[in-house]
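Residue-level structural notes
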Protein chains: 2
Amino acid sequence: MYRTHTCGELRLEHVGQTVTLSGWVQRSRDKGFMMWLDLRDRYGITQLIFDENKSTKELFELARSLGREFVVQIKGEVIERVSKNDKIPTGDIEIQVAELTVLNQSKLPPFTIDDDTDGGDDLRMQYRYLDLRRKPVQQNIIFRSNLAIEARKHLAGEGFIEVETPFLIKSTPEGARDFVVPSRMNEGQFYALPQSPQTFKQLLMVSGLDKYFQIVKCFRDEDLRADRQPEFTQIDCEMAFVTQEDILNTFEGLTKHLFKSVINVTLADFPRMNYDEAMRLYGSDKPDIRFGMQFVELNDLAKGHGFGVFDNAELIVGICAEGQAANFSNKDIKKLTEWMQRPQIGAKGLVYIKLEEGGTIRSSIGKFYTDEQLKTWADKFGAKEGDMLLILSGEEEKTRKQLNELRLEMGNRMGLRDPKVFKPLWVVDFPLLEWDEDSERFHAMHHPFTSPKKADVDRMLSGDHETMKSLRADAYDLVINGVEIGGGSIRIHDRALQSRNFDLLGFTKEEAEAQFGFLMGAFEYGAPPHGGIAFGFDRLCAVMNGVNSIRDFIAFPKNNQGRDMMIDAPSIIDQEQLDELRLRLVDIKK
Amino acid sequence: MYRTHTCGELRLEHVGQTVTLSGWVQRSRDKGFMMWLDLRDRYGITQLIFDENKSTKELFELARSLGREFVVQIKGEVIERVSKNDKIPTGDIEIQVAELTVLNQSKLPPFTIDDDTDGGDDLRMQYRYLDLRRKPVQQNIIFRSNLAIEARKHLAGEGFIEVETPFLIKSTPEGARDFVVPSRMNEGQFYALPQSPQTFKQLLMVSGLDKYFQIVKCFRDEDLRADRQPEFTQIDCEMAFVTQEDILNTFEGLTKHLFKSVINVTLADFPRMNYDEAMRLYGSDKPDIRFGMQFVELNDLAKGHGFGVFDNAELIVGICAEGQAANFSNKDIKKLTEWMQRPQIGAKGLVYIKLEEGGTIRSSIGKFYTDEQLKTWADKFGAKEGDMLLILSGEEEKTRKQLNELRLEMGNRMGLRDPKVFKPLWVVDFPLLEWDEDSERFHAMHHPFTSPKKADVDRMLSGDHETMKSLRADAYDLVINGVEIGGGSIRIHDRALQSRNFDLLGFTKEEAEAQFGFLMGAFEYGAPPHGGIAFGFDRLCAVMNGVNSIRDFIAFPKNNQGRDMMIDAPSIIDQEQLDELRLRLVDIKK
């Protein structure tokens with residue numbers, strides 16, 4: 001062992017001991033006859049002292065020659081510091097160095113290895129091994145490891161078995177795009193990397209394994225947004241002989257355990273909201289309920305007063321920004337309106353009604369409505385003097401989505417989205433199917449294995465097209481602070497019902513059989529009722545730390561082009577490899 | 001919840017309670033007015049009783065209609081059995097069923113769901129979800145889960161951090177064949193699936209993470225033997241600021257913990273043997289030391305007596321099979337000789353010397369050697385009356401390998417390889433490089449990142465070709481009962497030395513830079529001394545259970561053609577998928 005202690009553990013009680021430490025040179029201060037050097041490892045920083053009067057010239061000169069990030073081993077005596085540093089746990093002591101060995105040298109790093117670095121994103125990704133020396137990044141990776149340990153501990157304690165499912169599986173064009181892997185031994189055929197272990201975990205339930213989990217990598221070949229990665233990690237779970245209620249309780253328990261054990265936050269029981277209500281009150285199936293500002297609909301009050309925009313709108317809906325009447329000048333509102341009109345959101349306009357202190361009402365629609373009328377609107381919002389109403393109108397679905405964006409933005413501006421406050425929410429009763437106007441077909445709202453509610457099974461088996469739109473599923477999402485952390489459903493465990501679902505989703509019998517015949521076959525041999533959930537592990541890490549980017553919690557992430565900048569992958573491969581796989585690259589226009 | 005209890009937990013103390021159980025119908029016995037039914041789940045079996053006098057006709061008839069593997073839910077009272085079954089933990093009680101619900105039906109399974117099944121390999125693989133209902137298979141999967149839990153618990157307790165390394169990495173033609181993954185977003189380029197996280201874990205050491213582990217899937221596109229899988233699992237570990245001694249101690253600790261906590265076996269301290277000694281005494285770098293039968297060399301005694309086969313042999317070497325003189329007839333020895341002459345082993349012949357009770361010596365070489373001479377041979381073996389010597393000769397390396405096979409076979413025949421006895425062994429001091437006569441180049445005995453021993457560094461940097469063959473590495477294998485369970489090494493952490501190693505392995509500067517430039521670059525920024533080990537997790541499961549096949553411990557294994565028989569993968573993919581990847585399948589002769 002190159003050390004007797006780490007750089008984080010020495011205290012006053014160790015004074016007088018001779019110790020050996022190894023680590024990296026963080027920085028040094030040279031006072032001519034005295035020199036101090038901060039030695040760093042993942043456990044902390046320990047100050048080393050070199051004293052011209054107490055050490056050989058060679059030792060002193062060697063110490064002076066050390067650069068940042070040199071790796072050294074030292075031996076010396078722990079002594080009490082003259083001027084203590086109460087900012088670090090080892091701040092009471094330092095090491096009077098007697099021996100110094102340079103274990104490795106270092107070139108000057110391309111950015112500073114400090115909590116706040118001067119390195120840009122690309123540079124830090126290229127030298128990720130140096131970025132990972134920075135304490136905040138290292139802490140994120142350690143956080144992730146701790147979270148996984150606690151997740152496994154809790155689930156094992158609840159009787160769950162971790163089962164590894166295969167990575168080389170079969171491509172199914174349904175859903176997102178698969179990464180495929182050419183098979184050398186099976187000419188012309190391909191494996192696919194799993195988008196999730198969905199069918200395997202269901203088969204494990206058919207096997208009677210009853211409580212399954214796995215912390216597992218999943219793969220999606222999607223065009224990447226800032227918060228997506230081509231490979232990501234799920235806490236994947238499935239249970240047999242359970243109802244939705246059992247699953248919600250089990251995984252509410254897991255979530256509470258993780259928050260308590262890892263960040264010492266005690267979560268209250270999670271409220272539940274059905275999908276329709278979430279859409280009506282927040283315009284989103286993942287509402288951030290750290291703050292109110294619920295939607296209020298105004299069709300009854302606003303229509304029929306000669307304001308064409310409202311009269312022709314399918315929906316008029318708004319939010320009340322408490323105490324903001326005085327904070328938003330006309331210019332601010334103009335800017336906010338422009339923000340709403342950006343193509344990403346696409347609102348046509350934004351109506352405001354300020355209820356100023358003293359009773360004055362200022363609004364952009366004063367010529368169509370009397371103050372009296374606008375007061376009845378304010379009453380509907382429960383608004384009071386000093387508040388500001390913000391109102392949108394237009395096609396129903398689009399308008400709700402736009403108002404959701406506005407609500408979140410106002411929440412940000414008003415400081416209502418404290419990253420240290422955690423408000424979990426179960427969103428339940430999702431629709432089973434979603435009608436896609438463009439492709440004129442149904443999509444599975446959750447996935448094709450999701451069960452309709454028991455009460456809807458007969459309607460699903462025999463109903464007409466319109467009936468299908470009204471089916472509700474035993475599907476649920478866990479939302480924390482407006483972020484979808486997990487989602488799941490009770491699954492179909494009956495061949496006929498599964499087959500009907502594939503029909504509705506536009507599969508031919510042949511396609512359904514070729515892709516999922518093994519699963520429907522399994523349903524014929526005593527499949528138990530079952531259901532499950534999957535947590536986005538990367539995202540859970542991010543939310544628990546109050547940050548947006550999952551990349552901070554991945555040791556070696558890829559950039560938005562799916563590239564690993566450090567190892568420079570993907571890359572071209574040898575002709576011989578292509579030959580063995582019987583593949584040729586061709587120029588096909590996309 | 002579909003149950004109040006599992007099928008494994010009810011005891012006499014529950015008598016009188018009304019319970020709800022769910023599970024599978026294992027079997028039923030119908031006595032006309034009484035019917036018993038075994039209900040099974042993963043926790044056990046509970047007997048249900050239906051009594052014509054105590055239940056409705058409907059209930060009785062419904063019970064009678066149930067087939068094997070039907071999934072049912074029952075409600076009833078726990079009663080004491082009249083005739084108890086002491087073979088199962090629930091054998092004291094049964095359930096007087098009051099309500100019965102069929103949750104799902106089952107077709108007759110293609111093989112019996114029993115400890116001993118009548119299903120052949122292929123059928124069981126195709127219906128793996130049914131095979132997994134069988135208790136021995138289910139127990140293997142649960143064993144694996146427990147082993148992983150204990151491995152993680154122990155390593156986390158030792159301060160190791162589990163870090164997920166990427167699955168989409170870069171192809172490097174060195175070593176085994178990669179599975180590659182075409183990248184849609186990076187035209188003409190491919191990812192590779194990792195054969196191990198080797199370079200990433202080394203970079204984590206450069207990052208200062210200091211103690212890393214991961215239980216992780218790895219991938220090799222090799223022609224499959226019975227005990228290989230294209231995807232397999234490793235307990236992958238790496239430490240910084242350590243010597244070989246530290247690593248051996250740390251992972252000897254892990255191994256002892258796993259054996260104690262999972263199968264309650266206390267392992268004594270592991271002996272160590274260097275590679276040369278292992279090859280000399282056992283003809284193998286993974287000797288099974290549950291039994292002796294060490295090699296004894298006879299060149300000094302056997303040469304120069306006119307027996308041309310020995311006179312011309314590079315090596316004459318044998319083993320002593322204790323007490324086997326009487327057990328092997330001439331016919332048996334003939335058969336054994338033929339077994340040794342099969343192409344898989346390729347021995348030319350087999351010389352035996354029987355030291356029969358009473359002093360008679362019978363041998364196949366009596367006409368070349370006097371009994372007196374053969375007695376000096378026997379003395380060298382420490383053989384006594386009743387023993388049998390088995391001797392091979394020929395080219396040194398080949399002969400040792402053949403004798404290793406013979407020794408293991410004799411160990412099997414003599415019952416010396418008890419699967420309940422565990423004898424771990426560290427094999428150390430492996431050669432760094434291996435000269436390959438065919439390709440006229442060096443191969444890395446462990447892998448290209450392995451460090452030579454400190455004493456050999458200078459010789460490696462400046463020595464000639466012959467010197468390279470004599471370099472020893474800080475490389476080690478953990479062998480248990482003749483199976484290689486783990487292997488690792490101290491790594492190179494110096495750019496110049498790594499570069500020299502790539503030179504020796506036949507890399508051009510450009511190739512080394514293109515493939516491993518990121519690692520050599522990292523060595524320039526303060527790489528600490530480091531080393532690690534990887535355990536074959538599947539194999540560890542098998543060895544701990546005293547079986548040979550790793551497939552038994554994999555939930556969804558692939559067959560020898562790399563196929564998943566259940567989901568029928570790999571398979572052809574859509575033209576659209578090929579187009580998006582700009583790939584064409586072509587007919588290239590291998």
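See the structure printed just above.
In this report, the structure presented in the accompanying data block is examined. Computed from a predicted model, the values in this text were never measured in an experiment. (Residues numbered from 1 in each chain as written. Chains lettered and ligands numbered in written order. Predicted model: local features only at pLDDT ≥ 70, side-chain atom pairs only at ≥ 80, totals over all residues. Heavy atoms only, no water.)

Description of unusual backbone geometry
Test applied: Secondary structure counts use DSSP, requiring at least four H or I residues in a row for a helix and at least two E residues in a row for a strand, with both numbered from the N terminus. Residue burial is assigned from relative accessible area. The probe radius is 1.4 Å, only protein chains are included, and a residue is buried under 20% of its type maximum, exposed over 50%, and partly exposed in between.
Of note, the amide linkage connecting Ala569(A) to Pro570(A) takes the cis form, showing an omega dihedral of 0°. With respect to the helices and strands, Pro570(A) occurs in the loop between helix H17 (537-544) and helix H18 (575-581). A positive phi angle, near 55°, is found at Asn264(A), a position not held by glycine. If you trace the backbone, Asn264(A) turns up in the loop between helix H6 (244-263) and strand S11 (272-274). Residue classification places Asn264(A) among the exposed positions, given a relative accessible area of 55%. Positive phi, close to 55°, is recorded for Asn481(B), a residue that is not glycine.

Describing the sheet that holds strand S2 (residues 34-41) of chain A
All names here are of chain A. Stated formally: Paired strands, as defined in this entry, are two strands with at least two bridges between them according to DSSP. Angular values range over 0 to 180 degrees, each being the angle between N-to-C directions of two axes fitted as lines to C-alpha atoms, with helices fitted over their stretch in contact.
Read around the closed barrel, the five strands follow the order S1-S2-S3-S5-S4; overall the barrel is mixed. For this sheet, the mean angle separating the axes of adjacent strands, direction not counted, is 55°. One ladder, built from ten bridges, connects strand S4 (residues 71-80) with strand S5 (residues 93-104); its direction is antiparallel. From the neighbouring strand, Ile74 faces S5, where its bridge partner is Leu100.

Re the interface of chain A and chain B
Note the threshold: Contacts are assigned to residue pairs with any non-hydrogen atoms lying within 4.5 Å of each other. Two parts lose some accessible area (1.4 Å probe) when they are put together, and adding that loss for both gives the buried area. Any Lys or Arg side-chain nitrogen located within 4 Å of an Asp or Glu carboxyl oxygen qualifies as a salt bridge. Distance and chemistry together define a polar contact, namely a pair of N or O atoms within 3.5 Å, with one atom able to donate a hydrogen and the other to accept it when in protein, and with adjacent residues in sequence counting only for side-chain atoms on both sides. Gly is put with the polar residues, along with every residue not named as nonpolar or charged; the nonpolar set is Ala, Val, Leu, Ile, Met, Phe, Trp, Tyr, Cys and Pro, and the charged set is Asp, Glu, Lys and Arg.
At the interface, 127 residues of chain A touch 127 residues of chain B. Around 11,500 Å² of area is buried between chain A and chain B when both sides are counted, 59% of it from carbon and sulfur atoms. A per-residue breakdown of the area chain A buries against chain B is headed by Glu164(A), Phe241(A) and Tyr525(A), which together make up 8% of the total. Counting across the interface, chain A meets chain B through 14 salt bridges. For the salt bridge of Arg184(B) with Asp221(A), the shortest nitrogen-to-oxygen distance reads 3.0 Å. The interface formed by chain A and chain B includes 70 residue pairs in polar contact (both at pLDDT 80 or more). Top element by residues in the side of chain A that touches chain B is helix H4 (residues 135-157) of chain A. It accounts for eight residues. For the side of chain A that touches chain B, a count of residues per class yields 66 nonpolar, 26 polar and 35 charged. Two strands pair when backbone bridges link them, and strand S23 (residues 583-585) of chain A and strand S23 (residues 583-585) of chain B are joined in this way by three bridges, in the antiparallel orientation. Within the sheet, the bridge partner assigned to Arg584(A) lies in S23(B) and is Arg584(B).

As for the pattern of salt bridges
Scanning the entire structure with this criterion turns up 104 salt bridges over all chains. The partner of Asp579(A) in a salt bridge is Arg584(A), with the nearest N and O atoms 3.1 Å apart. You can call Asp579(A) partly exposed: its relative accessible area is 26%. For Arg584(A), a relative accessible area of 30% gives the class partly exposed. Of the charged contacts, one joins Arg400(B) and Glu297(B) as a salt bridge, the two residues approaching to 3.0 Å between their closest N and O atoms. Of the two residues, Arg400(B) is situated in helix H12 (residues 396-413) and Glu297(B) in strand S12 (residues 296-297); the sequence distance between them amounts to 103 residues. Residue Glu297(B) is classed as partly exposed on the basis of its relative accessible area, which comes to 28%. Salt bridges here are not isolated pairs; linked through shared partners, they connect Asp121(A), Arg124(A), Arg128(A), Asp131(A) and Arg134(A).

By themselves, these figures tell us nothing about what the structure is for.
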